[in-house]
Every structure is written in C-alpha cells, then in structure tokens.
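Tertiary structure, described
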Amino acid sequence: LLLPLPARARPFYLTHDLIPLEMSGGFVRDTVGWRAALSWAVSRRVYRWRLRRILFAPGARFGYVTQATQAASRRAFGRAAERGVWIGPMMASTVAARAPAYGPAQDEANKGSQPYVLALGTGDPKKGLDSLLRAWCDARVDERLQLVLFGASWKGQGHRWIEKALRDSGSKNVIHLGPVSDAKLKSLYRDAAAFVFPSYFEGLGLPPAEYCCEGAGHLILRDIPALKELYGDVATFFSTQRELV
C-alpha cells in the first residue's frame, strides 16, 4: 500500500513479519554484496516510513501473527505499536487430493534405498541454506543420507547461487529439485527422515507448519523467536553452526 485507507473504511492490517526492519545492512552486505546493502539502506527507510504511515493512520487497526513479530514492532515503533493485538497463527483447512504413491523425486533422490533430509532450496540468503551446506560438508554424512532441496528460485538468481555453492563446497549427495508440484511436495514431506529449516528471520515459518501436517520425521530449526514460539514443543533447535553440524 502506498497510501493509508480512509478512517471510515476501518481497515485492519495483519502483520506477518517485520523482516525488512530486523535485517541489518551488515547481513545484506555479507550475503549479497555491498551494492545491495546500499540499496537496502534506502529501501529500509522507505519501508519504515510507509509502514508507520499506514499502520498508525487514523482509524486503522492492526494485529500480529506471532508474539515475536509483536515484540519486533514495539522495538521498531515504540508505544505506537502497542495498539496492535496478537492474533496468533491460523491454519485453514484445505481439501486437496492425496499425493500419488510414488516416492519423493523417485528418479532423482533414489528414495527407495536411502533416507533423506529435506530442506528449502530457493537460494534466498535469509533462509540460511549457506549455513546448512557448510554443516552438511562438516558433518561428513557421506552416503548415509541425501540432502534434498526444493523450491522456486529466489528473485530468479537463487538457483544459480545454489549450484555454484554446491560446486564450490564439494557437497556430496545433494539433490536440487527446484520447483515441485503440491502433490510431490506432500510426498517429499511424508517420506523425509528430517526437515531442516535454518532460516535467520521468520514471521511464521510456513514450510515447518506444512511439515508438521504432512511429515513424521525430525523437525530441526534455528533457534529464533518466531520459530521457538510456534514449534517449541515439536522441534529440535540449534543456535550455533556447531550444533547444526
């Protein structure tokens, strides 16, 4: 939104996350380069200005998906953010055809003979795949497990980064599927020995929620406030790179 809605409309805004305000210029510089960091410094200010102008406009109401996002809003905007209410996560019941009986990525991942760990492979720096690939090499998993990555390419360049990272790191036994259908994704979730989500910033974490609905293996998450709040009773958390290894 560029302009606030009129007060008579009684708008309600549900705030999913404030990642653009939580990310630092240093993080952007270290992950995607200094030019992106300079652009980020400008866009971050514009984002803050637009958000303040819309959320706190006369007649506007707003809420937060997680208490972690609520706390982030209070840090960013002070007392003005206290008008917002915590809504909590909601999952809609969806009706979808069950996935066919084939194994996940049956040709690519050779599921029948080898267990695999599943992870998001978009190449988005915020999602921490660099951390996971380093841990995968350091753990020397060898042939005992496969790492299966899925997801569309982040900004059209994420997949190129992943392929380069795999070449540079010499990661073994990693399968990069790219985009998959809903049916195949459900099958991937169901048959995975574990789902690893090393994201640095989240407002909700939809892939872990999907895995909780479909999968039965281990759920391994980075220890950040939103993920700890939502998955604290079902996941194993890591804080350091060594713990991830």
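Anything mentioned here points back to the structure above.
Attention in this report is confined to the structure presented alongside it.

1. Comments concerning the overall build of the chain
For the chain, the helix and strand inventory stands at 11 helices and nine strands. The C-alpha atoms of the chain give a radius of gyration of 20 Å, which matches the 18 Å a tight globule of 245 residues would have. With respect to the principal axes defined by its C-alpha atoms, the chain has extents near 60 × 45 × 30 Å. Counting all 245 residues of the chain, 45% fall into the buried class. Of the contacts made within the chain by residues no fewer than 6 positions apart, 70% connect residues no fewer than 24 positions apart. Of the roughly 13,400 Å² that the chain leaves accessible, carbon and sulfur atoms contribute 54%. Each charge class in the chain can be summarised by its mean position, and for the 33 positive and 22 negative side chains these summaries are 10 Å apart.

2. Describing a nonpolar patch on the surface
On the surface, a nonpolar cluster with roughly 320 Å² of combined accessible area is contributed by Phe 12, Leu 14, Val 85 and Ile 87. As for its position among the elements, Leu 14 is in strand 1 (residues 12-15). Using a relative accessible area of 44% as the deciding quantity, one classes Leu 14 as partly exposed.

Rules behind the numbers
Every residue gets a number counted from 1 within its own chain, in the order that chain's sequence is written. Since the coordinates come from a predicted model, pLDDT governs what is reported: local features require at least 70, and pairs of side-chain atoms require 80 or more to be given and counted, while whole-chain, interface and lining totals use all residues. The side-chain values count all of the structure's non-hydrogen atoms but skip hydrogen atoms and water molecules. Put simply, DSSP marks the helices as runs of H or I at least four residues long and the strands as runs of E at least two long, and each gets a number from the N terminus on. Our radius of gyration is a C-alpha quantity, and the globule rule it is checked against amounts to 2.2 Å times the number of residues to the power 0.38. Accessibility here uses a 1.4 Å probe with only protein chains present; expressed as a share of the type maximum, an area under 20% marks a residue as buried, one over 50% as exposed, and anything in between as partly exposed. Contact definition: two residues touch when any of their heavy atoms are within 4.5 Å. The method behind every accessible area is Shrake-Rupley, applied with a 1.4 Å probe, and residues are considered shielded solely by the protein chains displayed. Neither His nor the chain ends is counted toward charge; the positive residues are Lys and Arg and the negative residues Asp and Glu. A charge is said to be at NZ when it belongs to Lys, at CZ for Arg, at CG for Asp and at CD for Glu. Two joining distances apply to patches: 9 Å for like charges and 5 Å for nonpolar side chains (Val, Leu, Ile, Met, Phe, Trp, Tyr), and every residue must have over 30% relative accessible area and no salt bridge. The working definition used for a salt bridge is a side-chain nitrogen of Lys or Arg within 4 Å of a carboxyl oxygen of Asp or Glu.

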